[in-house]
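Architecture and fold: a report
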Amino acid sequence: MSETVHLPKALARRLERIAEIARMSPEAIATTAIKERVDYLEWKEKAIAEGQADLNAGRLTTTERLRAELVKQRSQRASKRKKAA
C-alpha cells in the first residue's frame, strides 16, 4: 500500500486550515484521524463477530427479559441508597 493519500481539494483545504489553527501538521492530524477510525472499525468488526458467535451458540435474550433485568437492577440500587441514607 502506498503511504500517499490523495484528498479531494476541499478536504485538503479544510485540513490545512484546521492544522494551522491547531498548530499541528496536516500529516499529524491525518495520521491521528486515520488511526482512530481504523481502531473503531477493528473494534466494531470484533464486536459484530462476537455477537454473531453468541447468536450461533444460542446465547441470546429477549427484550422483555432484558427490561425485567434492568428494572431489577434499578430496584436493587434504589434499596441500597435507602439503606445508606
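Note that the structure is predicted; figures quoted are calculated from it, not measured.

What about the overall build of the protein chain?
Of the regular secondary structure elements, the protein chain holds three helices and zero strands. Listing every helix and strand of the protein chain by position from the N terminus yields α-α-α. For the protein chain, whose C-alpha radius of gyration is 23 Å, the value lies well above the compact-globule estimate of 12 Å for 85 residues. For the protein chain, the spread of C-alpha atoms along the three principal axes comes to 60 × 45 × 20 Å.

Some details on the packing of aromatic side chains
Taken as a whole and judged by the stated rule, the model has one aromatic pair. Ring centres of Y40 and W43 lie 5.9 Å apart, and the angle between their planes is 35 degrees; this geometry places the pair in the tilted category. With a gap of three residues between them, Y40 and W43 both fall in helix α2 (residues 26-56), about one helical turn apart. For Y40, a relative accessible area of 37% translates into the label partly exposed. Exposure remark for W43: the relative accessible area of 54% places this residue in the exposed category.

The rules we used
Residues numbered from 1 in each chain as written. Predicted model: local features only at pLDDT ≥ 70, side-chain atom pairs only at ≥ 80, totals over all residues. Heavy atoms only, no water. Helix = DSSP H or I, 4+ residues; strand = E, 2+ residues; numbered from the N terminus. Rg over C-alpha atoms; globule rule 2.2 N^0.38 Å. Phe/Tyr/Trp six-rings, centres within 6.5 Å; stacked < 30°, edge-to-face > 60°. Buried < 20%, exposed > 50% of the residue type's maximum accessible area, 1.4 Å probe, protein only.

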